[in-house]
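Breakdown of the fold
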Amino acid sequence: MLVLGVESSCDECSLAVVEDGKKILSNEVATQIDFHRPYNGVVPEIASRMHTEWITAVAEKALEKAGVTMDDIDGIAVTNRPGLVGSLLVGLNFAKGLSLSRGLPFVGVDHIRAHLYAPHLEFQIDYPYLGLLVSGGHTVISKVDDFDTIKVLGTTIDDACGEAFDKVAKHYNLGYPGGVAIDMLSRKGDPEAFHFPDPSLHKGEHRYDVSYSGLKTAVINQLDQFCNGKAEKTNENIAASFQKAAIGMLMKRVNRAVKDTGIRKIVAGGGVAANSLLRRELKNMKDIEALFPSMELCTDNAAMIAGIGFHYLIRGEHSELDLNAYPRVKRFKKTYP
Ligand code: KG4
Ligand code: ZN
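To keep things clear, this report deals only with the structure shown in the data block. Bear in mind that the values here come from a model prediction, so they are computed numbers and not experimental data.

1. What to know about the overall build of the protein
- Per the secondary structure count, the protein includes 11 helices and 10 strands.
- Over its C-alpha atoms the protein spans a radius of gyration of 20 Å, differing by no more than 12% from the 20 Å that the globule rule assigns to 337 residues.
- Dimensions of the protein, computed from C-alpha atoms along their principal axes, come out at roughly 65 × 45 × 30 Å.
- Residues counted as buried form 55% of the 337 residues belonging to the protein.
- Within the protein, counting contacts between residues at least 6 apart in sequence, those at least 24 apart form 74% of the total.
- Charged side chains in the protein number 38 positive and 42 negative. The centres of these two groups are separated by 7 Å.

Shown next, in the form of structure tokens:
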């Protein structure tokens, strides 16, 4: 079964053709990064206008690269939540138009679940496992029982992990996108230059939760307070120390989850899963199988949308033409005892 995936939730205009939820025939990603760089962040109106201009050409390229035509496509999967509504609507209406004109089923999928599905496009992964979803909008530590059954153990109580990377980078003018810039700068910095605090959310229902708001404030407003002796306040040192604290916070919760559940397989996804320190730390965990997608599949892409979409379509689930787009999904509620 060939599924055309459509992703336009933020600033990547992406279309992909994936066979049987597994084999990527094409995964075209047209990034708008250069257009948002002058503003140090994604400008929603620019994003949706660019999607409108680009989406048809990106679709044509995805089909061409896959060596197929619309006649070969069996179904369409499209991100309809969460994201920037103006951007989501471009992809969603494009998918609806194709579905209607071609008589093909289409299904709206959750971008967050799709991020966690991305590693399945590259590895054979059996369930259950611990899922670590870290992106610009979400930070979720979960027990994943199948592609659609995700039990949330912990989440952020305020900012998302990637959001903290982006805000720190923006404040210190480190580069755009923030996460990538901090990752690069950190290689030349001293992670011990500043000792930032980790909020102690280790009790009861917050056992696996993280909080990035305090860390962000500490790095932006209280730098001097956390300076280690005579460390220099260079961008490299700030980046390396922040990254160590941000990733350390995640690793502490992941280790806790491994210990409590006995599950020794961790699958990471989302833009922050591209972070070199996080990848190294996960790989270095003792007696743990750690899997994360290649760089292209960490950040937003339509292959993960087509991949997860296949599983809904194959069991006969599809959306109706009145399907709407949503900026947020119902809070990923904690369901694990
Ligand atoms: O998954 P994604 O492409 O979009 C969302 O669904 O949010 O994630 C984007 C986030 C941004 O916050 C970006 O700064 C972060 O992922 N990011 C990174 C790295 N590459 C991207 N964060 C840390 N280190 C990286 N190498
Ligand atoms: Zn994403």
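From this point on, the discussion continues.
2. Considering unusual backbone geometry
- A cis amide bond links Arg81 to the next residue, Pro82, at an omega of -25 degrees.
- A cis geometry characterises the amide bond from Tyr176 onward to Pro177, with omega recorded as -5 degrees.
- Here Pro177 shows up in the loop between α5 (161–171) and α6 (178–186).
- One non-glycine residue with positive phi stands out, namely Asn40, at about 55 degrees.
- As for its placement among the helices and strands, Asn40 is situated in the loop between α1 (33–36) and α2 (44–66).

3. So, the coordination of the zinc ion (ligand 2)
- Listed as protein donors to the zinc ion (ligand 2) are His111 (NE2), His115 (NE2) and Asp300 (OD); their distances from the metal cover 2.0 to 2.1 Å.
- Each donor residue of the zinc ion (ligand 2) belongs to the same chain, with the gaps between them written as H-x3-H-x184-D. Note that His111 and His115 are positioned in helix α4 (residues 111–117) at a spacing of four residues, about one turn of the helix.
- Classification of His111 as buried rests on a relative accessible area of 9%.

4. Points about the sheet that holds strand β1 (residues 2–7)
- A sheet is described by the order of its strands in space; here five strands give the open sequence β3-β2-β1-β4-β5, paired in mixed fashion. Both edges of this open sheet fall to β3 (23–31) and β5 (106–110), since each of them pairs with a single strand only. Adjacent strand axes in the sheet meet at a mean angle of 20 degrees when their direction is disregarded.
- Sheet topology note: the strand β2 (residues 12–19)/β3 ladder contains eight bridges and is antiparallel. Across the sheet, Leu15 pairs through a bridge with Glu28, a residue of β3.
- Across the sheet, helix α3 (residues 85–102) lies against β1, β2, β4 (75–81) and β5, angled at about 155 degrees from β4, the strand it touches most.
- Seen against the sheet, helix α11 (residues 303–314) touches β1, β2, β3, β4 and β5 and runs at an angle of roughly 115 degrees to β5.

5. A word on α3
- If you check α3, its first and last C-alpha atoms are 25 Å apart, about what 18 residues at 1.5 Å a residue would give, namely 26 Å.
- Ser87, Leu88, Val90, Gly91, Leu92, Phe94, Ala95, Lys96, Leu98 and Ser99 are the residues of α3 that are buried.
- Close packing links the buried residues of α3 with β1, β2, α2, β4 and β5.
- Positioned one or two residues after α3, Gly103 has a phi angle of 65 degrees, which is positive.

6. Brief notes about the sheet that holds strand β10 (residues 289–291)
- Taken in spatial order, the five strands make up an open sheet running β8-β7-β6-β9-β10, and their pairing is mixed. The open sheet terminates on both sides in strands that have one partner only, identified here as β8 (149–155) and β10. Averaged over all adjacent pairs, the angle separating strand axes in this sheet is 25 degrees, with direction ignored.
- Bridge count between strand β6 (residues 129–134) and strand β7 (residues 139–146): six bridges; the pairing is antiparallel. Considered in β7, the bridge of Leu130 is made with Lys143.
- Together, β6, β7, β8 and β9 (265–269) form the strand contacts of helix α8 (residues 235–261), whose direction differs from that of β6 by roughly 165 degrees.

7. Looking at the site of ligand 1
- In the vicinity of ligand 1 there are 18 residues, among which His115, Gly136, Asp166, Gly179 and Asp183 approach most closely.
- Gly179 is positioned with one of its backbone polar atoms (N or O) 3.0 Å from an oxygen atom of ligand 1.
- Residue Asp300 places a side-chain N or O atom 3.2 Å away from an oxygen atom belonging to ligand 1.
- Coverage of ligand 1 by the protein chains reaches 87% of its 550 Å² of free accessible surface.
- Counting residues per element, the ones that place at least two in the shell around ligand 1 are α4, α5 and α6.
- For the shell around ligand 1, the class distribution of residues is four nonpolar, 11 polar and three charged.

8. Observations regarding the packing of aromatic side chains
- Within the structure shown, the criterion is met by six aromatic pairs.
- Residues Phe165 and Phe242 carry aromatic rings whose centres are separated by 4.9 Å and whose planes lie at 75 degrees to one another, so their mutual orientation is edge-to-face. Of this pair, Phe165 sits in helix α5 while Phe242 is found in helix α8, placing the two residues 77 residues apart along the sequence.
- The exposure class assigned to Phe242 is buried, which follows from its relative accessible area of 0%.
- Taking the centre distance of 5.8 Å and the plane angle of 10 degrees together, the rings of Phe194 and Phe196 count as stacked.
- Judged by its relative accessible area of 2%, Phe194 is buried.
- Assessed through its relative accessible area of 11%, Phe196 is described here as buried.
- In textbook terms, an aromatic cluster arises when at least three aromatic residues are bridged by ring pairs, as seen for Phe194, Phe196 and Phe226.

The rules behind each value
Residues numbered from 1 in each chain as written. Chains lettered and ligands numbered in written order. Predicted model: local features only at pLDDT ≥ 70, side-chain atom pairs only at ≥ 80, totals over all residues. Heavy atoms only, no water. Helix = DSSP H or I, 4+ residues; strand = E, 2+ residues; numbered from the N terminus. Rg over C-alpha atoms; globule rule 2.2 N^0.38 Å. Buried < 20%, exposed > 50% of the residue type's maximum accessible area, 1.4 Å probe, protein only. Contact = heavy atoms within 4.5 Å. Lys, Arg positive; Asp, Glu negative; His and termini not counted. Charge placed at Lys NZ, Arg CZ, Asp CG, Glu CD. Donors = N, O, S within 2.8 Å, 3.2 Å for Na, K, Ca; no water. Pairing = 2+ DSSP bridges. Axes fitted to C-alpha atoms, helices over the stretch in contact; angles between N-to-C directions. Expected span 1.5 Å × (residues − 1). Near = heavy atom within 4 Å. Polar contact = N/O pair within 3.5 Å; in protein donor to acceptor, adjacent residues only side chain to side chain. Areas by Shrake-Rupley, 256 points an atom, 1.4 Å probe, with all protein chains shown as cover. Nonpolar A, V, L, I, M, F, W, Y, C, P; charged D, E, K, R; others polar. Phe/Tyr/Trp six-rings, centres within 6.5 Å; stacked < 30°, edge-to-face > 60°.

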